[in-house]
Amino acid sequence: ENKLEEKIQKFHSHVLALQNKITEEIKRIDSKIKITQDLWERKDFNEKPGGGGVTRAFAGEIFENAGVNTSYVKGSVSPQFAESMGGKTADELHATGISLIIHPKNPRVPTVHANFRMIAFGDRF
């Protein structure tokens, strides 16, 4: 395993732990919360396994609507996309991150919209 893959895996482990921590905190704050979870997978440009993610949707008494989603996608990309990124057609994409969308029912409580991602293309970030 090279250093780039090691960094990506470390960040991916971090966002998965963060997703679980945020989920537990939402459950603690809103005892009426309902959680819908979807595990998904994708194929890369060459129809090979290309990663996936965990989508969690929340609705409850305090939180009107929330999503805490993680993903790790990887693999080959189209030649056009590779060219647009300044790479070669053989370059692979690795991207992992967490997306937060949290809307409390009370309009005086701030909402949250945030995305944290690590993207590597070829041998660079």
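See above for the structure.
What comes next concerns the included structure. In every chain, residue numbers begin from 1 and rise along the written sequence. Residues qualify for local features only when their pLDDT is at least 70, as the model is predicted, and side-chain atom pairs are given and counted only at 80 or more; totals for whole chains, interfaces and linings, by contrast, use all residues. Note that water and hydrogens are dropped before the side-chain values are worked out from all heavy atoms of the structure.

Overview of the packing of aromatic side chains
Here a ring pair, both rings aromatic, is described through the centre-centre distance and the interplanar angle of the planes.
Here is step 1 of the chain: Here the aromatic set is Phe, Tyr and Trp, taking the six-membered ring for Trp, and pairing holds for ring centres within 6.5 Å; pairs whose planes are under 30 degrees apart are stacked, those over 60 apart are edge-to-face, and all others are tilted. Applying the stated criterion to the full structure yields one aromatic pair.
Here is step 2 of the chain: Taking the centre distance of 6.3 Å and the plane angle of 90° together, the rings of Phe81 and Phe121 count as edge-to-face. Remark: Phe121 occurs in strand β5 (residues 112-121) and Phe81 occurs in helix α2 (residues 79-84); sequence separation between them is 40 residues.
Here is step 3 of the chain: Accessibility here uses a 1.4 Å probe with only protein chains present; expressed as a share of the type maximum, an area under 20% marks a residue as buried, one over 50% as exposed, and anything in between as partly exposed. What makes Phe81 partly exposed here is its relative accessible area of 34%. The numbering of helices and of strands both runs from the N terminus, where a helix is a DSSP run of H or I of at least 4 residues and a strand a run of E of at least 2.

Looking at the pairing of strand β1 (residues 34-43)
Here is step 1 of the chain: With zero of ten residues buried, β1 lies mostly on the surface of the structure.
Here is step 2 of the chain: Strand direction decides the pairing type here: β1 and strand β2 (residues 49-59), joined by nine bridges, are antiparallel. Bridge pairing links Glu41 to Gly52 in β2.
Here is step 3 of the chain: Two strands form a pair only when DSSP identifies at least two bridges running between them. With antiparallel pairing between neighbouring strands as the criterion, β1 and β2 make up a hairpin whose turn holds five residues, including Glu47 at a positive phi of roughly 65°.

A closer look at the pattern of salt bridges
Here is step 1 of the chain: Within this document, salt bridges are pairs made up of a side-chain nitrogen of Lys or Arg and a carboxyl oxygen of Asp or Glu, the two lying within 4 Å of each other. Tallied over the entire structure, the rule returns two salt bridges.
Here is step 2 of the chain: The salt bridge involving Arg28 is made with Glu25; its shortest N-O contact spans 2.5 Å. Taken as a pair, Arg28 and Glu25 lie in helix α1 (residues 3-29) at a separation of three residues, close to a single helical turn.
Here is step 3 of the chain: When its relative accessible area of 35% is taken as the criterion, Glu25 is described as partly exposed.

Focus on the sheet that holds β1
Here is step 1 of the chain: Pairing in this open sheet of five strands is antiparallel, and the strands run β1-β2-β3-β4-β5 from one edge to the other. If you trace the sheet from one side to the other, it starts and ends with β1 and β5, each paired once. Averaged over neighbouring strand pairs, the angle between their axes works out to 5° when direction is ignored. Each axis is a line fitted through C-alpha atoms, taken for helices only over the stretch in contact, and angles between the N-to-C directions span 0 to 180 degrees.

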